[in-house]
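# Commentary on secondary and tertiary structure
The lines below spell out each chain.
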Amino acid sequence: MYSDKVLDHFSNPRNVGEIADADGVGEVGSPACGDIMKMFIKVDGDVISDVRFKTFGCGAAIATSSMATELIKGKRIPDALKLTNRAVVEALEGLPPVKIHCSVLAEQAIKAAISDYYTRLGVDPVSIVGELKADLH
Ligand SMILES: [Zn+2]
């Protein structure tokens, strides 16, 4: 049912934890699995120098959070914003169809953290990040 990559990221999630002095924090939830994902980013110039996550949820939610953090760490914000849930699923070598929404959650958590970063700077994030999906279904 799950690829080796998914099992690896579920068993050994990367970048777990919090960043106490984060520059942006995003939290999103999915009613379908009861997943809650919290993403912390540290920004240096326009580069995401560090990223951590805390996820309470199903195995796929943990694996997608882990992979998403790996994919945006060290990237410039404009590149991190281009990360789609599809790219996360591909990097994990696939997810069962019923778990695709978990990857959407990871994409939205990153966008929420970057939105928070811009809000703290006094910049309206909507023109940069776009509208966040309030309903993930
Ligand atoms: Zn889930």
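Residues numbered from 1 in each chain as written. Predicted model: local features only at pLDDT ≥ 70, side-chain atom pairs only at ≥ 80, totals over all residues. Heavy atoms only, no water.

Here we take up the overall build of the chain. Within the chain, the secondary structure is distributed over 6 helices and 3 strands. Along the chain, helices and strands appear, N-terminal first, in the series α-β-β-β-α-α-α-α-α. Relative to its length of 137 residues, the chain is compact, with a C-alpha radius of gyration of 14 Å against a globular reference of 14 Å. C-alpha extents for the chain along the principal axes are approximately 45 × 30 × 25 Å. (Helix = DSSP H or I, 4+ residues; strand = E, 2+ residues; numbered from the N terminus. Rg over C-alpha atoms; globule rule 2.2 N^0.38 Å.)

So, about the packing of helix H1 (residues 4-11) against helix H2 (residues 59-72). At a minimum axis separation of 8 Å, H1 and H2 run at an interaxial angle of 90°. Comparing their axes, H2 and H1 come out roughly perpendicular. Residues Lys5, Val6, His9 and Phe10 of H1 lie in contact with H2, whose contacting residues are Gly59, Ile62, Ala63, Ser66, Met67 and Glu70. (Axes fitted to C-alpha atoms, helices over the stretch in contact; angles between N-to-C directions. Parallel < 35°, antiparallel > 145°, perpendicular 65-115°, else oblique. Contact = heavy atoms within 4.5 Å.)

Turning our eyes to something else, we now look at the coordination of the zinc ion. Ideal geometry at a metal centre gives angles of 109.5 degrees when four donors are arranged tetrahedrally and 90 or 180 degrees when six donors are arranged octahedrally. Coordination sphere of the zinc ion, protein contribution only: Cys33 (SG), Asp35 (OD), Cys58 (SG) and Cys102 (SG), at 2.1 to 2.6 Å. Coordination at the zinc ion comes from 4 donor atoms whose angles at the metal span 98 to 117°, giving a geometry best classed as tetrahedral. Linear spacing of the donor residues for the zinc ion on their chain is C-x1-D-x22-C-x43-C. Note that Cys33 is positioned in the loop between strand S1 (24-30) and strand S2 (35-44) and Cys58 in the loop between strand S3 (47-56) and H2, a separation of 25 residues in sequence. Relative accessible area serves as the criterion here: at 16%, Cys58 is assigned to the buried category. (Donors = N, O, S within 2.8 Å, 3.2 Å for Na, K, Ca; no water. Tetrahedral: all angles 85-135°; square planar, octahedral: opposite > 155°, others 65-115°. Buried < 20%, exposed > 50% of the residue type's maximum accessible area, 1.4 Å probe, protein only.)

Once that is clear, we can look at the pairing of S2. Both S1 and S2 contribute to a ladder of 7 bridges, which runs antiparallel. Looking across to S2, one finds that Val28 is bridged to Met37. Note that S2 and S3 share 9 bridges and pair antiparallel. Bridge assignment links Met39 to a residue of S3, and that residue is Phe53. What sits between S2 and S3 in their antiparallel hairpin is a turn of 2 residues, with Gly45 showing a positive phi close to 70°. (Pairing = 2+ DSSP bridges.)

Another point: the sheet that holds S3. Judged by pairing direction, the sheet is antiparallel, and its 3 strands sit side by side in the order S1-S2-S3 without closing on themselves. The open sheet has two free edges, formed respectively by S1 and S3, since each of these has just one partner strand. Neighbour to neighbour, the strand axes of the sheet diverge by 15° on average, direction disregarded. Together, S2 and S3 form the strand contacts of H2, whose direction differs from that of S3 by roughly 175°. Sheet contacts for helix H5 (residues 100-121): S1, S2 and S3; angle to S1, the most-contacted strand, approximately 150°.

So, about the nonpolar core. Grouped together as the largest cluster of nonpolar side chains are 36 residues, with contacts concentrated most on Ile41, Ile48, Ile77 and Ile114. Contributing elements (two or more residues each) for this core: S2, S3, H2, helix H3 (77-81), helix H4 (85-91) and H5. Among the elements that line this core, the one with the most residues is H5, at 11 residues. Filtering out sequence-adjacent residues up to four positions away, Ile41 remains in contact with Ile19, Ala22, Asp23, Gly24, Ile48, Asp50, Val51, Ala113, Ile114 and Tyr117. (Core = buried A, V, L, I, M, F, W, Y, C linked by side-chain atoms within 4.5 Å.)

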